Amino acid sequence: QVQLVESGGGLVQPGGSLRLSCAASGSINSIYTMGWYRQAPGKQRDMVATITNGGSTNYADPVKGRFTISRDDAKNTVYLQMDSLKPEDTAVYYCNADIGYIYGLNIKNYWGQGTQVTVSS
């Protein structure tokens, strides 16, 4: 029904920047909180940043001041602008969203497929 498709990952040098995008598609009624999570090899999946439908943001301590989450409701898309990237930012980044389906009664949580971000010189 509803699908989250991510893009923008890749290889970047330390200090560089990337912008991740996650577009939701399907019979969407409304999108509530959206967020980005990341998981490095052998590590748990951790929250990176979230943004509510009202625009309130929350960031994990390691990315504060470097990452910026935003959303474009007209495009059903959430972005993660990543600046001053560090090797420890290397991980698979996953998009997450709470979405109300047009033909459903409840809000469901969805995950994207993940996109690899590698920060290395």
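Structure: above.
The structure presented is a predicted model; accordingly, all values stated were derived computationally and were not measured. (Residues numbered from 1 in each chain as written. Predicted model: local features only at pLDDT ≥ 70, side-chain atom pairs only at ≥ 80, totals over all residues. Heavy atoms only, no water.)

Notes on the pairing of strand β8 (residues 77-82)
Working step 1: Counting buried residues along β8, five of its six residues qualify, which places the element largely inside the surrounding structure.
Working step 2: Bridging between strand β3 (residues 18-25) and β8 involves six bridges; their strand directions are antiparallel. Within the sheet, the bridge partner assigned to Cys-22 lies in β8 and is Val-78.
Working step 3: With six bridges connecting them, strand β7 (residues 67-72) and β8 associate as antiparallel partners. Counterpart to Phe-67 in the pairing with β8 is Met-82. (Buried < 20%, exposed > 50% of the residue type's maximum accessible area, 1.4 Å probe, protein only. Helix = DSSP H or I, 4+ residues; strand = E, 2+ residues; numbered from the N terminus. Pairing = 2+ DSSP bridges.)

Topic: the environment of Ala-40
Working step 1: Within the fold, Ala-40 resides in the loop between β4 (28-39) and β5 (46-51).
Working step 2: Since its relative accessible area comes to 23%, Ala-40 is described here as partly exposed.
Working step 3: A sequence separation of 21 residues divides Ala-40 from Asp-61, and the C-alpha atoms of the two residues are 16 Å apart.
Working step 4: Beyond its immediate stretch of four places on either side in the chain, Ala-40 contacts Thr-90 and Ala-91. (Contact = heavy atoms within 4.5 Å.)

Regarding the pairing of β7
Working step 1: Only one face of β7 is buried: it carries Phe-67, Ile-69 and Arg-71, and the other face, with Thr-68, Ser-70 and Asp-72, is open.
Working step 2: Taken together, β7 and the strand that follows it, β8, pair antiparallel across an intervening segment of four residues, in which Asn-76 is found at a positive phi of about 50 degrees.

With respect to unusual backbone geometry
Working step 1: A positive phi is found at Asn-76, a non-glycine position, where the angle reads about 50 degrees.
Working step 2: With respect to the helices and strands, the residue Asn-76 is situated in the loop between β7 and β8.
Working step 3: Non-glycine residue Ser-84 carries a positive phi angle of around 50 degrees.
Working step 4: As for its placement among the helices and strands, Ser-84 is situated in the loop between β8 and β9 (91-101).

Thoughts on the pattern of salt bridges
Two side chains carrying opposite charge are able to pair once their charged atoms lie near each other.
Working step 1: Using the criterion set out here, one finds four salt bridges in the structure.
Working step 2: In this structure, Arg-38 engages Asp-89 in a salt bridge whose closest nitrogen and oxygen atoms are separated by 2.9 Å. Taken as a pair, Arg-38 in strand β4 and Asp-89 in the loop between β8 and β9 lie far apart in primary sequence, 51 residues in all. Both residues of the pair, Arg-38 and Asp-89, belong to the buried class.
Working step 3: Arg-71 is the partner of Asp-73 in a salt bridge, and the nearest nitrogen-oxygen pair spans 2.9 Å. (Salt bridge = Lys/Arg side-chain N within 4 Å of Asp/Glu carboxyl O.)

Quick notes on the packing of aromatic side chains
Working step 1: If you walk through the whole model with that rule in mind, you get three aromatic pairs.
Working step 2: Between Tyr-94 and Trp-111, the aromatic rings sit 6.4 Å apart at their centres with planes inclined by 85 degrees, giving edge-to-face as the arrangement. Of this pair, Tyr-94 sits in strand β9 while Trp-111 sits in strand β10 (residues 107-111), placing them 17 residues apart in sequence.
Working step 3: Look at Trp-111 and you get partly exposed, because its relative accessible area is 39%.
Working step 4: Here the basic side chain of Arg-45 rests over the ring of Tyr-94, its NZ or CZ set 3.6 Å away from the ring centre.
Working step 5: Residue placement shows Arg-45 over the ring face of Trp-111; its charged tip is 4.7 Å from the ring centre. (Phe/Tyr/Trp six-rings, centres within 6.5 Å; stacked < 30°, edge-to-face > 60°. Lys NZ or Arg CZ within 6 Å of the ring centre and 35° of its normal.)

Read these as spatial facts, not as claims about activity.
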